[in-house]
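# Results of the structural survey
Each chain is listed here by its residues.
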Amino acid sequence: MEVIKKELIVVGAGPAGLSAAIEAAKSGVKATVFDENAAPGGQLFKQIHKFFGSKEHKAKIRGFRIGQQLLEEAKEAGVEVVLNATVIGLYPDKEVLVQEGDKVVHYKGDAVLVATGAAENMVNFRGWTLPGVIGAGAAQTMMNLHHIKPGNRILMLGTGNVGLVVSFQLIQAGCEVVALADAAPRIGGYGVHAAKVARTGVPFYLSHTIKEVEGTDCVKGVTIQQVDSHFNFIPGTEKHFDVDTVCVAVGLSPMAQLLKMDGIEMDTSAGGFVPKCDETGATSVPGIYAAGDVAGIEEASSAMIEGRMSGAAIAEYLGYTDHEARVVREKELDQSLESLRQGMFAPKNRGKKIEKTEEGIDISENLLTHGFVADDEISRFPGFRKQAKVHPVIECTQNIPCNPCQDACKKGCISIGDNITSLPISVDGSECINCGMCVASCSGQAIFLVAEDTQPGFGEVTIPYEFLPLPEIGDKGYGLSRSGEKICDAVITNVRSSKAFDGTNLVTMKVPMEFIDRARFYKKA
């Protein structure tokens, strides 16, 4: 069999693989990326939500747009991307076998980077093999890539970021999410993701898991049941839902089989069966690197930076840059990566119950157990304030690495400071001009514009809105609370859409003054 030589072989055209290839190619390395899919970009093109972080992390930009940017950058850098190409073997001396159509092609690289990502986990319960029981990632693929509704009535198992984000996207797609369940006693993902689901009226059942999915040839219903601290079912706590789909979001496992095949040393202590590698992704075999979820599960923002670090290291390994230049670049990237690994959800805090914010404020227990901050809790956070004139109210109550709201406000109404994980502050005495950029820029949809006493006995609340059809001025309906409860009548007074808002519409509703601090969503009558 003919052996085709390549300088750098990258396995996987997702965020980590493309980023590594781009970084190496900018130094002169000839990079070839193989991917089994018909389109490059990996998970990015399924992610229609806006990213967290700072400007350098592409915060407030939707995942699929970041994917488009990466593809353009790869093209400009001269990266070769081979699609419908499944890597079926990684062997000593960096030899790679690739299934391309009906033939197997033998390659040999001077360096190899594995960025194969991760696969969804599954749990066993009675009926788990029925058609209609699917992974949350599969549901996301159906909706956001193929424009197919996964189901009509859906229960989500899992309240990590994947479960929360996909639940919201299911609602956007016109599905009814009947509930979110999780065996853990606390919500695992970002509170802002949980809050935007909760205010649409979806209930959360913590310390609950699936007992049984009913049906013969497809899903007809599901029964969940409460569990104790040892995850044993508690008799008499069953709850039944009529559904046609069950989504499972119970974590991811790195797909490191290729690395194991080549005899690379593996580790089981970093979130799965992963390769032992240094901060650049270098494994125990010289010239073979790993980046992204295959080396440990994190967000796509982190995977892109890890890919860049590996690409810089590979450029040095192949002799295209010197050690000093690589160290300078690595330090720059490492600082960017570390800023994403701070706050309550930092790797060092996994599994811990955080009692207070970095500012010393008690964490909202209601947010952790029900998905929303309670009315008697919200006023203790610095984003909440009262003022007669229009002003931002920021319901971001956890220390998350994110600051686009501060950059979006040119009038200084919002401050986070130099620490990217600090809670945002609604600045007293600032003059809001009601431009709405802060509302549209918030990746967690946690900012509202509030104007008190716009008419005798009434005020206005401007909310982020990403559903179709859009309300129209004059529409009458209901103001919903943070829990999704109908609490008052509401009339739409303004609807704003702009290219600068990137798909987040601004809907303003008039509500009675006694509900101005509670009404956070709108539902048409």
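Here, every reference points to the structure presented above.
The paragraphs below set out a description of the structure included in this document. (Residues numbered from 1 in each chain as written. Predicted model: local features only at pLDDT ≥ 70, side-chain atom pairs only at ≥ 80, totals over all residues. Heavy atoms only, no water.)

Read across the open sheet, the five strands follow the order β8-β15-β9-β10-β11; overall the sheet is parallel. Single-partner strands in this sheet number two, and they are β8 (133-135) and β11 (204-206). Adjacent strand axes in the sheet meet at a mean angle of 20°, parallel and antiparallel pairs treated alike. Pairing geometry for strand β9 (residues 153-157) and strand β15 (residues 245-248), over four bridges, is parallel. Of the residues in β15, the one forming a bridge with Met156 is Cys247. Running at roughly 85° to β8, helix α3 (residues 136-144) makes contact with β8, β9 and β15 of the sheet. Contacting β9, β10 (176-182), β11 and β15, helix α4 (residues 161-172) runs over the sheet at an angle of about 170° to β10. (Pairing = 2+ DSSP bridges. Helix = DSSP H or I, 4+ residues; strand = E, 2+ residues; numbered from the N terminus. Axes fitted to C-alpha atoms, helices over the stretch in contact; angles between N-to-C directions. Contact = heavy atoms within 4.5 Å.)

What follows covers the pattern of salt bridges. Applying the stated criterion across every chain yields a total of 29 salt bridges. Across the salt bridge formed by Arg341 and Glu338, the nearest N and O atoms sit 3.6 Å from each other. A salt bridge links Glu377 to Arg380; its shortest N-O distance comes to 3.8 Å. According to the relative accessible area criterion, Glu377 is buried, its value standing at 10%. Judged by relative accessible area, which is 34%, Arg380 ranks as partly exposed. Shared partners join several salt bridges into a network, and the residues in it are Glu23, Lys26, Glu73, Arg308, Arg329 and Glu332. (Salt bridge = Lys/Arg side-chain N within 4 Å of Asp/Glu carboxyl O. Buried < 20%, exposed > 50% of the residue type's maximum accessible area, 1.4 Å probe, protein only.)

Ranked by internal contacts, the top residues of the largest apolar core, which has 52 residues, are Met156, Leu170, Leu180, Phe204, Ile463, Met509 and Val511. Of the residues forming this core, the biggest block, five residues, is contributed by α4. Each residue touching Met156, except ones within four places of it in the same chain, is listed here: Ala136, Gly163, Val166, Ser167, Leu170, Ala179, Leu180, Ala181, Cys247 and Ala249. Among the nonpolar cores identified, the runner-up in size contains 31 residues, and Ile22, Ala24, Ala115 and Ala300 belong to it. (Core = buried A, V, L, I, M, F, W, Y, C linked by side-chain atoms within 4.5 Å.)

Further remarks concern the sheet that holds strand β12 (residues 208-214). Reading across from one edge, β12-β13-β14 is the order of the three strands in this open sheet, with antiparallel pairing throughout. Of all strands in the sheet, those bounded by a partner on one side alone are β12 and β14 (239-241). Between one strand axis and the next, the sheet turns through 25° on average, direction left out of account. Both β12 and strand β13 (residues 221-226) contribute to a ladder of six bridges, which runs antiparallel. From the neighbouring strand, Val213 faces β13, where its bridge partner is Val222.

Considered for burial, the residues of α3 that qualify are Ala136, Gly137, Ala139, Gln140, Met143 and Asn144. Each buried residue of α3 lies within a common arc of 155° when the element is viewed along its axis, so the set occupies one face. Those residues of α3 that are buried are in contact with β7 (118-120), β8, β9, α4 and β15. (Arc of directions from axis to C-beta.)

This is a description of form; function is not addressed.
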